[in-house]
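This is what each chain is made of:
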Number of protein chains: 2
Amino acid sequence: MNVVITGGAGFIGRRLARALLERGTLTGLAGPGQKIDQLTLVDVTPAPALRDPRVREVTGDIADSAFLNGVIDGETTSVFHLAAIVSGMAEADFALGMRVNLDATRALLEICRTRRHVPRVVFSSSVAVFGGALPEVVPEGTAVNPQSSYGTQKAIGELLVNDYSRRGFIDGRSLRLPTISVRPGRPNAALSSFASGIIREPLNGEPAICPVDADARMWLLSPARVIDCLIHAHELDAAALGTDRTVALPGLSVSVGEMVASLERVAGPDVAERIRWARDERVARMVATWPGAIETTHAQSLGFRADDTFESVIRQYMDDELSSRRG
Amino acid sequence: MNVVITGGAGFIGRRLARALLERGTLTGLAGPGQKIDQLTLVDVTPAPALRDPRVREVTGDIADSAFLNGVIDGETTSVFHLAAIVSGMAEADFALGMRVNLDATRALLEICRTRRHVPRVVFSSSVAVFGGALPEVVPEGTAVNPQSSYGTQKAIGELLVNDYSRRGFIDGRSLRLPTISVRPGRPNAALSSFASGIIREPLNGEPAICPVDADARMWLLSPARVIDCLIHAHELDAAALGTDRTVALPGLSVSVGEMVASLERVAGPDVAERIRWARDERVARMVATWPGAIETTHAQSLGFRADDTFESVIRQYMDDELSSRRG
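This one's a predicted model, so the numbers in the text were calculated from it and none came from an experiment.

Colleague: Honestly, the sheet that holds strand β11 (residues 217-221) of chain B in this entry has me stumped. Any pointers?
Modeller: In any sheet, the strands associate via hydrogen bonds between backbone groups, in a parallel or an antiparallel arrangement. All names here are of chain B. Pairing is mixed in the open sheet, where 3 strands are placed in the order β9-β11-β13. A single partner strand is all that each edge strand has here, and the edge strands are β9 (179-180) and β13 (252-255). Note that β11 and β13 share 4 bridges and pair antiparallel. Bridge assignment links tryptophan 219 to a residue of β13, and that residue is serine 253. Across the sheet, helix α8 (residues 256-267) lies against β11 and β13, angled at about 90° from β13, the strand it touches most.

Right, dumping it as structure tokens:
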């Protein structure tokens, strides 16, 4: 197996790479359990080397077809397409979002179409494809109605993955990712960045600002579960997916107030008190258009799983990030 | 007002042009009833001249941005974007469909984005955005699931029109057109071409082949009503449309058997007997993925109207085409 991860220097890309290297195999044309011979990580910025002989790290702009053509080569059997301009950035710089989130996705699919293998392509979409007046729980089969350019570009990616798969150019799967929390590191330009920040910063002894009201409801998934879901999506038999290759992933439906209460229960009131509430209209309005819960019977029947509780998600972050730093 | 029609040499484009010239006005930034000063018809092939001093006819490839840039100029106030590679052709030539149905739409919107006016853009989408397992009547808010590249490209166009409108780059409206029947002229590469052919050819004394079964249910609109709907879509106040600029047009839900029975009632059994039934799997399978009826409460509340009966649609064709030819 010859696997490519776009966005390979990002947090999810990096973590997925480590999981794949540890696992060592993926399902290929010859069936499950095929050895991963090469893992290519491509990103616009470099990251600290993974130091594994199977890893090839490439730096460049995936919206540049000529460059991407050298990344996804005749031996590529699988692509995890995670690279994206995040929501806040795609809203601030329309042309950049279109270039990376739409043009690069299109270029990637076009390159796959010309390859001798039919690559499995796992595309990371988002709950941001939904918007407008939504019921408390978004039923399956609900029309997308993105209220951001990011969500629009992801919805277009889903449509392309479906059509390229229907025509047999790729064997694609699109996952509508919930908001991922708790991300390590620093805040980013995603409008959902606070959903990690209000947990991460207080645990790190730093103040955090919560830009939405306590009753804002989020649809969340932990980093560990996202990695499980990405790999599981790759391993699924295409026949199980039917005519629509898009799967809305299960998540936890938690209000921001409940997130903070969980933090207090796990880490104590002193930690939770590091959060200052200061509504930011731009963020609050956009977050309000995202679904707070989604019906995911289909995803669950396919074997995708969410986290048990948000407290377990916080503990996962503390185990992964804080203990390793102290150790 | 300075109006552009893409696909201006096509049947609908031509008919829309004549209707606009006769009407003489459209709603502009200054309100309703603004005089149409110029009407630009652009198409890849020329058509017999319309002989009106307001008309400018341009021939070229709208997927060529440089060319399109000269068509939609700084004075353009309205665009009716009708040009498309039809379903059968987009299925047969994937690259061509992507180039015209996706790239040209994108180029058109990009050009509009840079113009000093915010043009009203009416985009012709299609019921082909729907597919998969559908109920007898497709409810509003149903997710698209196109089973053709044409339907995929139209669904992407809708998403782009929505996002460009949300950001204030254009003032867009997308109409999901039912299958149009009865089209005059010759069969085309649309998979729905038979829906006109089985009426038109017999009325013209010619044999016709029906490639689908009699119980195949179609969602139909007459040419006259489509023109009404295109103009009505342009005239609507954006506020009435809400966060989704896409409107599924009302239609007539008629089985192919009922279409033929209507033909027999209007024109007699001798005419209807000119139809030979010969199922074509490629056509029948694709048509089966399209909805036979759609809930259109929203469109009706906005003032869009379907035809009364399919018999009236047949009579409309006979009045428009046969009498003018005889006269």
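Colleague: Is there a simple way to explain the interface of chain A and chain B in this structure?
Modeller: It is common to give the size of an interface as the accessible area that goes away when the parts come together. Each side of the interface is counted separately: chain A has 20 residues, and chain B has 20 residues. At 8 residues, the largest contribution of residues to the side of chain A that touches chain B is made by helix α5 (residues 149-166) of chain A. Among the residues making up the side of chain A that touches chain B, the classes are represented as 6 nonpolar, 10 polar and 4 charged.

Colleague: In this structure, what is going on with the environment of serine 124 of chain A? I would like to understand it.
Modeller: All names here are of chain A. Here serine 124 is to be found in strand β7 (residues 120-126). When the 25 C-beta atoms within 10 Å are taken as the criterion, serine 124 is described as buried. Measuring from C-alpha to C-alpha, the distance between serine 124 and threonine 246 comes to 9.8 Å, with 122 residues separating the pair along the chain. If we skip the residues at most four places from it in the chain, serine 124 touches His81, Leu82, Leu175 and Leu177.

Colleague: In this structure, what is going on with the confidence of the model for chain A? I would like to understand it.
Modeller: Low pLDDT means the predicted coordinates in that region are not meant to be read closely. Across chain A, the average pLDDT comes to 95, with 99% of residues at or above 70. Both scores are given for the predicted complex: the pTM is 0.96, the ipTM 0.95.

Colleague: Would you mind going over the pairing of strand β1 (residues 2-6) of chain A with me for this structure?
Modeller: It is a general feature of regular strands that their side chains alternate between the two faces of the sheet. All names here are of chain A. Of all 5 residues that make up β1, 5 are buried, and the element is covered over most of its length. Burial along β1 is two-sided: Asn2, Val4 and Thr6 and Val3 and Ile5, pointing in opposite directions, are all buried. As judged from the 5 bridges shared by β1 and strand β4 (residues 38-43), these two strands associate in the parallel manner. Considered in β4, the bridge of valine 3 is made with leucine 39. In this sheet, strand β6 (residues 78-81) lies alongside β1 in parallel orientation, the contact comprising 4 bridges. Across the sheet, the residue bridging to isoleucine 5 is phenylalanine 80, located in β6.

Colleague: Sorry if this is basic, but what is going on with the sheet that holds strand β13 (residues 252-255) of chain A here?
Modeller: Residues and elements named next belong to chain A. Across the sheet, 3 strands lie side by side as β9-β11-β13; this open sheet has mixed pairing. If you trace the sheet from one side to the other, it starts and ends with β9 (179-180) and β13, each paired once. The strands touched by helix α8 (residues 256-267) within the sheet are β11 (217-221) and β13, with β13 carrying the most contacts at an inclination of about 90°.

Colleague: What should I look at first to understand the domain arrangement of chain A in this one?
Modeller: Per the domain assignment, the segments making up chain A are domain 1 (2-178 + 222-249) and domain 2 (194-216 + 253-292 + 307-326). At the interface, 13 residues of domain 1 of chain A touch 8 residues of domain 2 of chain A.

Colleague: Would you mind going over α5 of chain A with me for this structure?
Modeller: Every α-helix winds through 3.6 residues per turn, so residues three or four apart in the chain are directed the same way. Taking 1.5 Å per residue as the helical rise, α5 of chain A with its 18 residues ought to reach 26 Å, and the 26 Å between its terminal C-alpha atoms agrees with that figure. Taken across its 18 residues, α5 of chain A has 17 buried, putting it largely inside the fold.

Colleague: Just checking my understanding: could you explain the packing of helix α6 (residues 194-203) of chain B against α8 of chain B for this structure?
Modeller: What describes two packed helices is the angle between their axes and the distance between those same axes. All names here are of chain B. The N-to-C vectors of α6 and α8 enclose an angle of 25°; their axes lie 10 Å apart at closest approach. Judged by the inter-axis angle, α6 sits roughly parallel to α8. The handedness of the crossing between α6 and α8 is right-handed. Of the residues in α8, those in contact with Ile198, Ile199, Pro202 and Leu203 of α6 are Met259, Val260, Leu263 and Ala267.

Thresholds, definitions, all that
- The numbers attached to residues start from 1 for each chain and follow its sequence in the written order.
- The order in which chains are written sets their letters, starting at A; the order in which ligands are written sets their numbers, starting at 1.
- Per-residue local features of the predicted model are confined to residues with pLDDT of at least 70, and side-chain atom pairs are confined, for both listing and counting, to 80 or more; whole-chain, interface and lining totals are unaffected and use all residues.
- For two strands to count as paired, DSSP must find a minimum of two bridges between them.
- Helix numbers and strand numbers start at the N terminus; a helix is a DSSP run of H or I with at least 4 residues, a strand a run of E with at least 2.
- We call two residues in contact if the C-beta atoms placed from their backbones are at most 7 Å apart.
- Inter-axis angles, ranging from 0 to 180 degrees, are taken between N-to-C directions of lines fitted to C-alpha atoms, where helices are fitted over the stretch in contact.
- Nonpolar residues are Ala, Val, Leu, Ile, Met, Phe, Trp, Tyr, Cys and Pro. Charged residues are Asp, Glu, Lys and Arg, and all others, Gly as well, are polar.
- Partly exposed residues are those whose C-beta has more than 12 but fewer than 20 other C-beta atoms within 10 Å; 20 or more makes a residue buried and 12 or fewer makes it exposed, with C-beta atoms placed from the backbone.
- pLDDT runs from 0 to 100 and stands for how confident the predictor is about each residue.
- Note that the domain bounds were set by an automatic or database domain assignment.
- In a helix, the anticipated span is given by 1.5 Å times the number of residues less one.
- For classification purposes, an angle smaller than 35 degrees is called roughly parallel, one larger than 145 roughly antiparallel, one from 65 to 115 roughly perpendicular, and anything else oblique.
- Helix crossings fall into two classes, left-handed where the near helix is turned counterclockwise from the far one by less than a right angle and right-handed where it is turned clockwise.

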